[in-house]
Amino acid sequence: MRIVAGVDLGGTAINYTLVNKDEQFLIEGLCEHPALTKQGPDVCLQQIEDGLAIAAKQAGVELEDIVTVGLDTPGPASSAGVLSARGSTNFMHEEWKGFDIRAGMAYKLGRPVTYLNDANAGALWGHFSIFGANSKATSISIVIGTGTGGGVILEGNVLKGRVGFGGELGHALVPYQTIARIEGIVPQCNCGRVGDLESLASLTAIERTLLPYFLKKYPGHKLGKESDLHHPDAFIVGGGVLEASAEFGKWFLDEIKKGMPTQREEQAGIPIYSMPNGDTAGARGAAIEALTMARQTGLI
Ligand SMILES: [Zn+2]
């Protein structure tokens, strides 16, 4: 049997999935291993290798059956998987700066490795699960969590962009003064911009900018007692804004639907989906990318 692994490397946990050539996923639900990213590349790559063996065992397959591995990580990183030389909140150790994590993992595991940023991997999974593997459809995904990521799948292929910035919708500037009509806020983003999408539409934006603004107007509101919006049970585990609660997710989707422009007929019929398998979407998308590569190179 020949299979492909998807490895979603987050700041604290590595999420694994395995898929066979018939596109059947061999792990239901979460399969996680601690990432230990703060201890640098050597320790973390060992964690990835150890966790892969555990994932194979959980799925009841041999480690040797895994022919390629798809990796995804948070950015910023190049489209080839070289992490930013300026560092990243998820990779705090000095040795991560400018580290070629795709090549490092290929060397460590002794297998070809494909690379996607985590938002693009999620977008690829969403696209695949809605349109299938052989569609020439085009989709745009937006992934709203701690930050705001996105992905554009153009006729079935991930738009990576030359410097790995393809589909990074979160840092596009938006005319927030006219859209939001909130007087006197200065929505500052981690990327240095003021008034980009992530600075207004992310969990970080709610906590840093929107809540402080609105709580002044509505003292005593119950949101003022939420000391930590990033409580794992509520927001981060399970992949962000749509999984906060079923009720909130539905409200959020409905608001997006209401906010879609309707003045042009061709835009009114665009369906809006929520991301399937939100907590494993990254690993699944990474696996799909690796499966495509395995097919193209005759490995599977
Ligand atoms: Zn930004």
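Preceding this paragraph is the structure being described.
What counts and how
- Residues numbered from 1 in each chain as written.
- Predicted model: local features only at pLDDT ≥ 70, side-chain atom pairs only at ≥ 80, totals over all residues.
- Heavy atoms only, no water.
- Pairing = 2+ DSSP bridges.
- Helix = DSSP H or I, 4+ residues; strand = E, 2+ residues; numbered from the N terminus.
- Axes fitted to C-alpha atoms, helices over the stretch in contact; angles between N-to-C directions.
- Contact = heavy atoms within 4.5 Å.
- Buried < 20%, exposed > 50% of the residue type's maximum accessible area, 1.4 Å probe, protein only.
- Polar contact = N/O pair within 3.5 Å; in protein donor to acceptor, adjacent residues only side chain to side chain.

A. Spatial organisation of the sheet that holds strand 5 (residues 113-117). With mixed pairing, five strands are arranged side by side in an open sheet as 3-2-1-4-5. Either end of the sheet is taken by a strand with one partner, and the two such strands are strand 3 (32-34) and strand 5. Along the sheet, successive strands turn relative to each other by an average axial angle of 25 degrees, direction set aside. Here strand 2 (residues 13-20) pairs with strand 3 via three bridges, running antiparallel. Bridge pairing in strand 3 places Ala 13 opposite Pro 34. Along the sheet, helix 3 (residues 118-131) makes contact with strand 1 (3-9), strand 4 (66-73) and strand 5, crossing strand 5 at roughly 100 degrees.

B. Seen up close, the sheet that holds strand 7 (residues 148-154). Pairing within the open sheet is antiparallel, and its three strands lie in the order 6-7-8. The sheet terminates laterally at strand 6 (139-144) and strand 8 (157-158), the two strands that pair on one side only. Direction of pairing for strand 7 relative to strand 8: antiparallel, over a ladder of two bridges. Residue pairing across strands places Leu 154 opposite Asn 157, the latter belonging to strand 8. Here helix 3 sits on the sheet and contacts strand 6, strand 7 and strand 8; the angle it forms with strand 7, its principal contact strand, is near 50 degrees.

C. Spatial organisation of the pairing of strand 4. Most of strand 4 is tucked away, with eight of its eight residues classed as buried. Two strands pair when backbone bridges link them, and strand 1 and strand 4 are joined in this way by six bridges, in the parallel orientation. Residue pairing in the sheet places Val 7 in a bridge with Leu 71 of strand 4. Of the pairings in the sheet, the one linking strand 4 to strand 5 comprises five bridges and is parallel in character. Across the sheet, residue Val 69 finds its bridge partner in strand 5, namely Val 113.

D. Here's a closer look at the environment of Tyr 16. By the element assignment, Tyr 16 lies in strand 2. At 3.5 Å, the side chain of Tyr 16 and the backbone oxygen of Gln 47 are in polar contact.

All we've got here are geometric facts, nothing functional implied.
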